[in-house]
Amino acid sequence: MSTHDTHSHELEPHGDGTLPDRFENPGHPEHHQRLGDLDPKANKKAERQVLALFTVSVVGTIAFAVAYFALGDPTTDPTKIASATRTENLWLGLTLAFALLGIGTGAVHWAKTLMNDHEMSEERHAIASDAESREAALQALQDGAEDSGISRRGALKGAVIGALALFPITIALPLIGNIGGDWNVGKLKHTMWKKGTRLARDPSGRAIKASDVTIGSVFHVIPENLEEAEHPLDEKAKAVVLLIRLDPRDIKSEQGEGWSYDGIVAYSKICTHVGCPVALYEQQTHHLLCPCHQSTFDVADSAKVVFGPAKRALPQLPITIDDEGYLIAQSDFHEPVGPSFWERKK
Ligand code: FES
């Protein structure tokens, strides 16, 4: 179906150079019939193509659901989690793309090849519609539904209803799947750190000796026993720490008495603004910068906020060393890490 403006675009000035008030209506361009209008076989072929496209959507949605369950919680091995998550995201993305593409291309192909190929002229009229026009619009909608032939083409009707009915699964499944335990905010208050847990390098898991940490150096740290956790990635997201050695004379304050060891301090790496990893250390000023919105924390002064939108200091992890000289935690953090939440202080 195509529409044409009845006004001409050709400006033919009068002999005296002035433009005419109205222009002659050039009418419709020549109408070319589509192959499907002339050949029933081509029409049938187009119908099969539309059917195939909606079927692609149905298969895409089912594959999405399968991928969601089959690849959802693939491994507890921290060294394999990153690649497993990439694989899961790849399959979810691909199947979702096919689910959407099937519906979109199916609808467009249907309109272009199977709906009636009328040419119509649409007169310009006042913008405000009167009751009569609204009724006409409603009638046009009903005619359009009739025109699409949905009542006559049973298989297509089933396919499009099936595709549209199944597609919401791709949105609902992740939402439903993420409900449940996530509402238990109590688990946000604790991390894996406890008395005696060794500080280890991320991602190798190698324990760190105090003598390995030179002044000015920064270590990205995880608990040594991280891989023993049931959900190591979740635990890592809360427990990651930045370990920095300062000249002990530069330390102005800490969040607790004796929470550092010979100038070595450990602070949560999770920004207290909205949770990005704080990872940029400026050795001269002792400032830690969050790359997301530039919150800046002073490591020499209890990791207080000196700039940016964060409202709280990074929580400090109390540390010391064990008999073999390895750095260990004295306890868990004394407050929840990361962004503030409603029940944080309860
Ligand atoms: S998340 Fe760090 S400044 Fe916003």
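Predicted model only: the values in this text are computed from it and were never measured.

1. Things to note about the overall build of the protein
Thinking step 1. Across its full length, the protein holds 7 helices and 12 strands.
Thinking step 2. For the protein, the proportion of its 346 residues judged to be buried stands at 23%.
Thinking step 3. At a minimum sequence separation of 6, the contacts of the protein that also span at least 24 residues come to 62%.

2. Some remarks on the environment of H273
Thinking step 1. For H273, the location among the structural elements is in the loop between β6 (264–268) and β7 (280–282).
Thinking step 2. On a C-alpha basis, the gap between H273 and P309 in space is 6.5 Å, while along the polypeptide they are 36 residues apart.
Thinking step 3. Residues in contact with H273, not counting those within four places in the same chain, are C290, H293, S295, P309, A310 and P339.

3. What to know about the nonpolar core
Thinking step 1. Within the largest apolar cluster, 38 residues are counted, with the highest numbers of intra-cluster contacts made by L199, V241, L243, A266 and Y267.
Thinking step 2. Contributing elements (two or more residues each) for this core: β3 (199–201), β4 (218–223), β5 (241–245), β6 and β12 (327–329).
Thinking step 3. Beyond its immediate stretch of four places on either side in the chain, L199 contacts I208, V221, V241, L243, A266, I319, L327, I328 and A329.
Thinking step 4. Judged by nonpolar contacts, the second largest core, of 14 residues, contains A99, W110, A159 and F167.

4. Thoughts on the sheet that holds β5
Thinking step 1. One open sheet accounts for 4 strands, arranged β3-β4-β5-β6; its pairing is antiparallel. Bordering the open sheet on either side are β3 and β6, each of which pairs with just one other strand. Neighbour-to-neighbour, the strand axes of the sheet open up by a mean angle of 45°, direction not taken into account.
Thinking step 2. Two strands pair when backbone bridges link them, and β4 and β5 are joined in this way by 4 bridges, in the antiparallel orientation. When the sheet's bridge partners are listed, V218 is paired in β5 with I244.

5. Quick notes on the sheet that holds strand β8 (residues 287–289)
Thinking step 1. The 4 strands are arranged β7-β8-β9-β10 in an open sheet whose pairing can be described as antiparallel. Where the open sheet ends on each side, the last strands, each with one partner, are β7 and β10 (304–307). Ignoring strand direction, the axes of neighbouring strands in this sheet form an average angle of 35°.
Thinking step 2. Pairing geometry for strand β9 (residues 296–298) and β10, over 3 bridges, is antiparallel. Following the sheet pairing, D298 is matched in β10 by K304.

6. Side note on the packing of helix α2 (residues 40–70) against helix α5 (residues 154–166)
Thinking step 1. In the contact formed by α2 and α5, the axes pass within 9 Å of each other and the chain directions differ by 25°. Between α2 and α5, the angle is such that the two are roughly parallel. Handedness of the crossing formed by α2 with α5: left-handed. Contacts between α2 and α5 involve E47, V50, L51, F54, T55, S57, V58 and T61 from the first element and A155, L156, A159, V160, G162, A163 and L166 from the second.
Thinking step 2. The class makeup of the residues in the contact of α2 with α5 is 10 nonpolar, 4 polar and 1 charged.

7. Quick notes on the pairing of β4
Thinking step 1. Note: β3 against β4, 3 bridges, orientation antiparallel. Within β4, the position partnered with R201 by the bridge is V221.

8. Here we look at the packing of α2 against helix α6 (residues 169–177)
Thinking step 1. For the pair α2 and α6, the least separation of the axes is 10 Å and the interaxial angle reads 15°. Between α2 and α6, the crossing angle belongs to the class labelled roughly parallel. Considering how the two elements wind past one another, α2 and α6 form a crossing that is right-handed. Between α2, through T61, F64, A65 and Y68, and α6, the contact on the second element is made entirely by I169, T170, L173 and G177.
Thinking step 2. In terms of residue class, the contact of α2 with α6 is built from 5 nonpolar, 3 polar and no charged.

9. A short note on the environment of A266
Thinking step 1. Turning to its location among the elements, A266 is positioned in strand β6.
Thinking step 2. Residue classification places A266 among the buried residues on the basis of 25 C-beta atoms within 10 Å.
Thinking step 3. For the pair A266 and Q316, spaced 50 residues apart in sequence, the C-alpha to C-alpha distance is 5.9 Å.
Thinking step 4. Those residues in contact with A266 that sit more than four places away from it in its chain are L199, V221, V241, L243, Q316, L317 and I319.

10. Brief notes about the confidence of the model for the protein
Thinking step 1. The pLDDT averaged across the protein works out to 87; a share of 88% of its residues lies at or above 70.
Thinking step 2. Segment residues 1–9: pLDDT under 50, and 17 contacts once partners within four positions in sequence are set aside and those in other chains are kept.

11. As for α5
Working note: α-helix, 3.6 residues per turn, so residues spaced by three or four point in the same direction.
Thinking step 1. If you check α5, its first and last C-alpha atoms are 18 Å apart, about what 13 residues at 1.5 Å a residue would give, namely 18 Å.
Thinking step 2. Inspection of α5 places L156, A159, V160 and A163 among the buried residues, and these make up the whole buried set. Looking straight down α5, one finds its buried side chains confined to an arc of 90°; they lie on one side. Of the residues in α5, the exposed ones pointing more than 90 degrees away from the buried face are G154, G158, I161 and A165.

Rules used in this analysis
- Residues numbered from 1 in each chain as written.
- Predicted model: local features only at pLDDT ≥ 70, side-chain atom pairs only at ≥ 80, totals over all residues.
- Helix = DSSP H or I, 4+ residues; strand = E, 2+ residues; numbered from the N terminus.
- Buried ≥ 20, exposed ≤ 12 C-beta atoms within 10 Å, placed from the backbone.
- Contact = placed C-beta atoms within 7 Å.
- Core = buried A, V, L, I, M, F, W, Y, C linked by C-beta atoms within 7 Å.
- Pairing = 2+ DSSP bridges.
- Axes fitted to C-alpha atoms, helices over the stretch in contact; angles between N-to-C directions.
- Parallel < 35°, antiparallel > 145°, perpendicular 65-115°, else oblique.
- Left-handed = near helix turned anticlockwise from the far one by under 90°.
- Nonpolar A, V, L, I, M, F, W, Y, C, P; charged D, E, K, R; others polar.
- pLDDT = per-residue confidence, 0-100.
- Expected span 1.5 Å × (residues − 1).
- Arc of directions from axis to C-beta.

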